[in-house]
Each structure stands twice: as C-alpha cells, then as structure tokens.
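# Secondary and tertiary structure notes
Chain by chain, the residues run as shown.
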Number of protein chains: 2
Amino acid sequence: MKRLSPLSLADLRSQAQVFKALGHPARLQMVQAVADGEQCVCELTELVGLDMSTISKHLSVLTAAGVLVSEKRANKVFYRLRTPCVTKVFSCLHDVQSAPDAESSARCR
Amino acid sequence: MKRLSPLSLADLRSQAQVFKALGHPARLQMVQAVADGEQCVCELTELVGLDMSTISKHLSVLTAAGVLVSEKRANKVFYRLRTPCVTKVFSCLHDVQSAPDAESSARCR
DNA sequence: TTGCTACTTGGCTAAATAGCCAAACAGCAA
DNA sequence: TTGCTGTTTGGCTATTTAGCCAAGTAGCAA
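Presented here is an overview of the structure given in this document. Computed from a predicted model, the values in this text were never measured in an experiment. (Residues numbered from 1 in each chain as written. Chains lettered and ligands numbered in written order. Predicted model: local features only at pLDDT ≥ 70, side-chain atom pairs only at ≥ 80, totals over all residues. Heavy atoms only, no water.)

### Structural notes on the nonpolar core
The biggest cluster of nonpolar side chains holds 62 residues, and the ones touching the most others in it are A:Val67 and B:Val67. Excluding its chain neighbours within four sequence positions, the residues that come into contact with B:Val67 are B:Val18, B:Leu22, B:Val31, B:Leu62, B:Arg80, B:Leu81, B:Arg82 and B:Val86. (Core = buried A, V, L, I, M, F, W, Y, C linked by side-chain atoms within 4.5 Å. Buried < 20%, exposed > 50% of the residue type's maximum accessible area, 1.4 Å probe, protein only. Contact = heavy atoms within 4.5 Å.)

What follows is the structure in structure tokens.
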C-alpha cells in the first residue's frame with residue numbers, strides 16, 4: 001500500500017474541509033447530481049426538497065471547500081464540479097461501507 | 001465519466017456519515033497515521049495532542065462510520081483501517097484541492 | 001487484595017451547524 | 001420605471017459537536 005506522507009496542519013485542515021463539505025446528505029446528493037452535469041440552484045432545490053436559502057448556503061459550503069464552482073448565466077446560477085476527481089471518491093466510499101470487515105484489501109477498485 | 005446511480009436516502013446518509021467522520025483535522029490525522037499500520041490510543045493521543053478522552057471519542061466516531069476497527073490486546077486498544085480503500089480517497093482529494101480551476105479532468109489519477 | 005496503566009463514559013460549556021422566514025439583490029422584460 | 005424570477009444574505013432558534021475534567025472500567029502484576 002502506498003505510504004502516506006504526513007500532512008501539514010494546513011493541509012490537514014483543508015482536506016478535512018473537503019470531507020466535511022461532503023459530510024451532509026443534502027450536500028452529497030447535490031454533488032452527485034452535479035456530477036452528471038451542471039445544475040442551477042432551482043433544480044437542486046427541487047431535487048433535495050429544502051428551502052432554497054438552505055440550498056444556497058449548502059452550495060456555498062461546497063464552493064468554499066473547492067468541490068464546486070458556479071457560473072451565472074442570465075438570472076440563473078449554475079453549479080458544477082470543480083474537478084471530476086470527486087466522483088472517484090464515491091466508488092471507493094461504497095467499498096468502505098460494504099467491506100465485509102477486515103483485510104478485504106484486494107477488492108478495492 | 002462514469003455515471004452515478006442515484007443513491008437511496010439511507011445510502012446518502014451512511015456515505016455522508018463516512019465523509020463527516022473524515023471531516024475533522026484530528027480524525028483525518030489519525031486515519032492517516034493508522035493507514036501506515038495499527039496504532040493504540042496512547043500513540044494517537046501523543047500524535048494529535050488532545051486529551052485522551054477527546055481522542056477516544058473521535059475514534060468512536062470513526063468506528064461508527066465504518067472507517068476504523070479496533071482490537072483490544074492486553075490493556076491496550078489498537079485501531080486500524082477497516083479497509084485500505086480509504087487511502088485512495090486521500091490521493092484523489094489532493095487533486096481536488098490542487099486542481100487549477102476547471103476541467104483539469106485528465107489529470108485525475 | 002491493591003495498584004498501576006490504558007481506555008471509555010458522563011457531564012458540562014462554548015462554539016459551530018442546519019433549518020426556516022424575510023429581506024435584499026441581480027437580470028431580464030415590459 | 002415597475003414587476004417578475006432566481007439567488008443570496010441576515011437573523012433567529014434548535015440541535016449538534018468539540019473539548020476538557022472527573023469518574024468509571026478492564027487487564028495485568030505484585
């Protein structure tokens with residue numbers, strides 16, 4: 001297994017910030033939706049089913065963490081992934097959860 | 001890019017739980033340390049520099065999320081990754097952060 | 001048994017977060 | 001200009017979280 005180099009405190013913080021941003025069901029759902037292509041706030045609001053102001057705040061958390069970027073066109077704001085890398089995390093995460101229990105090492109895509 | 005299948009609400013919650021568990025600098029540091037091999041609570045306490053009771057609580061968050069497992073030997077408790085998949089997340093995460101800004105798609109390991 | 005080390009749990013306070021509503025703001029059209 | 005749509009921001013409350021200290025538990029050794 002690749003050895004991890006120790007992270008500086010600043011790196012630790014900013015990486016944690018990304019995980020933290022992804023660590024909420026509504027935000028995760030939005031990131032997943034956006035992975036299929038950019039979405040405007042109103043679409044995401046309908047998808048998630050929370051108040052638009054709440055959605056907007058979640059989106060700013062994701063943007064601050066560097067997960068999403070936004071672009072305004074006409075009177076709509078579209079959000080998309082800043083980098084598609086994020087989606088790779090998801091498939092791995094699925095494995096983390098479904099891992100039987102111990103050294104199921106090999107199965108990790 | 002691989003299309004993501006929509007997650008059920010339960011999946012969303014439990015995946016978010018994993019991210020949330022990783023979304024704290026102290027916890028991230030511990031997971032990274034443990035990725036190099038199991039560590040006991042006292043070692044992690046020294047590494048992170050918080051009260052042992054705080055460390056213990058962080059470890060239980062990571063265990064509840066399915067990131068770590070523990071084993072008691074003699075009077076020490078050792079923690080290790082439940083699956084090494086987790087480490088893959090880190091290298092991707094680094095890319096998320098260092099991505100110049102937009103469709104730097106190709107560079108994603 | 002006592003005592004020591006390693007760890008967890010309970011209890012508490014301070015701080016951060018999530019949610020809503022209401023108000024402000026921006027772009028476009030009349 | 002006014003008005004409409006889409007979005008963000010401010011303000012508030014309820015809930016959750018992080019941290020410490022103190023107390024409790026577990027294993028081992030004398």
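### A look at the sheet that holds strand β1 (residues 39-40) of chain A
Residues and elements named next belong to chain A. What the three strands build is an open sheet, ordered β1-β3-β2; its pairing is antiparallel. Of all strands in the sheet, those with a lone pairing partner are β1 and β2 (68-73), marking the two edges. As paired elements, β1 and strand β3 (residues 76-81) share two bridges and run antiparallel to each other. Its bridge partner lying in β3, Gln39 is registered against Tyr79. (Pairing = 2+ DSSP bridges. Helix = DSSP H or I, 4+ residues; strand = E, 2+ residues; numbered from the N terminus.)

### Digging into the protein's contact with DNA strand C
Close contacts around DNA strand C come from 22 residues, with A:Lys20, A:His58, B:Cys42, B:Ser56 and B:Lys57 the closest. Within 4 Å of the protein, the contacting atoms of DNA strand C are 67% sugar and phosphate, with bases supplying the remainder. The separation between a base nitrogen of DNA strand C and a polar side-chain atom of A:Lys57 is 3.0 Å. A distance of 2.5 Å separates a phosphate oxygen of DNA strand C from a polar atom in the side chain of A:His58. For the surface near DNA strand C, the secondary-structure elements that each account for two or more residues are α4 (52-64) of chain A together with α3 (41-48), α4 (52-64) and β3 (76-81) of chain B. Across the surface near DNA strand C, the residue classes break down as eight nonpolar, seven polar and seven charged. (Near = heavy atom within 4 Å. Polar contact = N/O pair within 3.5 Å; in protein donor to acceptor, adjacent residues only side chain to side chain. Nonpolar A, V, L, I, M, F, W, Y, C, P; charged D, E, K, R; others polar.)

### Focus on the pattern of salt bridges
Residue and element names in this part refer to chain A. Scanning all chains against the criterion turns up six salt bridges over all chains. Here Arg80 and Glu71 are joined by a salt bridge, their closest N and O atoms 3.2 Å apart. Here Glu71 falls in the partly exposed class, since its relative accessible area comes to 34%. A cluster of three or more residues bridged by salt bridges with shared partners is formed by Glu38, Glu71, Arg73 and Arg80. (Salt bridge = Lys/Arg side-chain N within 4 Å of Asp/Glu carboxyl O.)

### So, the sheet that holds strand β1 (residues 39-40) of chain B
Residue and element names in this part refer to chain B. If you walk across this open sheet you meet the three strands as β1-β3-β2, and the pairing is antiparallel. What marks the edges here is a single partner per strand, and that holds for β1 and β2 (68-73). Across the sheet, helix α2 (residues 25-35) touches β1, β2 and β3, and the angle it forms with β3 is around 90°. (Axes fitted to C-alpha atoms, helices over the stretch in contact; angles between N-to-C directions.)

### Some remarks on the packing of helix α2 (residues 25-35) of chain A against helix α3 (residues 41-48) of chain A
Residues and elements named next belong to chain A. For the pair α2 and α3, interaxial distance at closest approach is 10 Å and the crossing angle is 125°. Judged by the inter-axis angle, α2 sits oblique to α3. Crossing hand, α2 versus α3: right-handed. Contact residues: α2 offers Ala26, Gln29, Met30, Ala33 and Val34, while α3 offers Leu44, Leu47 and Val48. By residue class, the composition of the contact of α2 with α3 is seven nonpolar, one polar and no charged. (Parallel < 35°, antiparallel > 145°, perpendicular 65-115°, else oblique. Left-handed = near helix turned anticlockwise from the far one by under 90°.)

### As for the protein's contact with DNA strand D
Near DNA strand D there are 22 residues, and of these A:Cys42, A:Ser56, A:Lys57, B:Lys20 and B:His58 occur at the shortest range. Here DNA strand D approaches the protein such that, of its atoms within 4 Å, sugar and phosphate make up 65%. In the environment of DNA strand D, a phosphate oxygen lies 3.5 Å from a nitrogen or oxygen atom belonging to the side chain of B:His24. Contacts to DNA strand D include B:His58, whose side-chain N or O atom sits 2.6 Å from a phosphate oxygen.

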